[in-house]
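What follows is each chain in one-letter form.
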Amino acid sequence: PCVTSSPDSWIWRLKIFSFGKFRVVLDDKVLAVREYRGSKTLNLLKLLVALGGIDVPVVKLVDLLWPDADGDRGLQNLEFTLRRLRKILALQDTEESLIIHKAGTMSINPQLGWLDTWAFNTHVELFERHLTEKNHQLAVWHAEKAIGLYRKDFLADHDEPWIMEKRHYWHQKYKRCVELLLEHFREGRQWQRIISLCRKAMEVDPLSENLVYQLMHALHSTGDRAGAVKVYREFSSLLRKSLDMSPSERLKELYISISGNTP
């Protein structure tokens, strides 16, 4: 689905946020966990989102949610859980369902529902297209929209095994978006925009040495030598506490060239 409009738009009856804490908003009301009446109902919705939200094979949902159930029993479990989910997500003024189940697949209704993953993916695709076509202003706009949507890693507060692969997928897509935007800013020597982007991206990836390197270089290029040195020392301390590691030789060399001191 092409859903680049804001989640605040009136057209979306259902809004699902999955970058960071999983949050579902139905007609502007945030649904509390207790309203799902069981973990399987919540997991069905999360899994539907994780698998793309459109034309997800029912067999795959059953296999992941009820791996030990035989075929018929698994399908019965799915039907029961789907009825419960549809009741929770029922709209008062229309018979149209937010969850579409047909031809062996399940989807979130793209006419009524908005997912941050859908919007993020669309913005990233448009960023890369406009960048290739050298429509730089539009490219940057879409990139910044995508990065703004990626508040934290996908379903960061959940640890189900089937989430990990999707979390890695979205994180890699986010990293590529940040790296391409940084490269674009470097070509234009837009140091302040690099500084701002690195600081924002480090909220998601605090242990990214590449972000630290880019930030230090940009700060030094603006004449903020002290700021660059401070970034290195804070990162070095964080790396030691978190992973019991030291910065790479590449980062140490940048620090020495900026500070004139050996770390």
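Just above, that's the structure.
Note that the structure is a prediction, hence the values are computed from the model and not measured.

### Observations concerning the pairing of strand E1 (residues 14-17)
The alternating pattern of E1 places Leu14 and Ile16 and Lys15 and Phe17 on opposite faces, both of which are buried. Linking E1 back to strand E2 (residues 23-26) in an antiparallel pair, the connection comprises 5 residues, with Gly20 at a positive phi of about 105°. Bridge count for E1 against strand E7 (residues 113-115) is 3 bridges, and the pairing is parallel. What sits directly across from Lys15, in E7, is Trp114.

### Let's talk about the sheet that holds E1
Strand order in the open sheet made by the 4 strands is E3-E2-E1-E7, with mixed pairing throughout. In this open sheet, the two edge strands, each paired with only one partner strand, are strand E3 (29-30) and E7. When E2 meets E3, the two strands line up antiparallel, connected through 2 bridges. Each residue of the ladder has a partner; that of Leu26, found in E3, is Lys29.

### Side note on the sheet that holds strand E4 (residues 56-57)
Taken in spatial order, the 3 strands line up as E4-E6-E5 in an open sheet, and their pairing is antiparallel. The open sheet terminates on both sides in strands that have one partner only, identified here as E4 and strand E5 (99-102). Here helix H3 (residues 71-88) sits on the sheet in contact with E5 and strand E6 (105-108), set at roughly 150° to E5.

### Here we look at a nonpolar patch on the surface
Taken together, Leu207, Leu238, Leu243 and Met245 make up a surface patch of nonpolar side chains, about 320 Å² in accessible area. Within the secondary structure layout, Leu238 lies in helix H9 (residues 225-243). Residue Leu238 is classed as partly exposed on the basis of its relative accessible area of 33%.

Calculation notes
- Residues numbered from 1 in each chain as written.
- Predicted model: local features only at pLDDT ≥ 70, side-chain atom pairs only at ≥ 80, totals over all residues.
- Heavy atoms only, no water.
- Buried < 20%, exposed > 50% of the residue type's maximum accessible area, 1.4 Å probe, protein only.
- Helix = DSSP H or I, 4+ residues; strand = E, 2+ residues; numbered from the N terminus.
- Pairing = 2+ DSSP bridges.
- Contact = heavy atoms within 4.5 Å.
- Axes fitted to C-alpha atoms, helices over the stretch in contact; angles between N-to-C directions.
- Patch = residues over 30% accessible without salt bridge, like charges linked within 9 Å, V, L, I, M, F, W, Y side chains within 5 Å.
- Areas by Shrake-Rupley, 256 points an atom, 1.4 Å probe, with all protein chains shown as cover.
- Salt bridge = Lys/Arg side-chain N within 4 Å of Asp/Glu carboxyl O.

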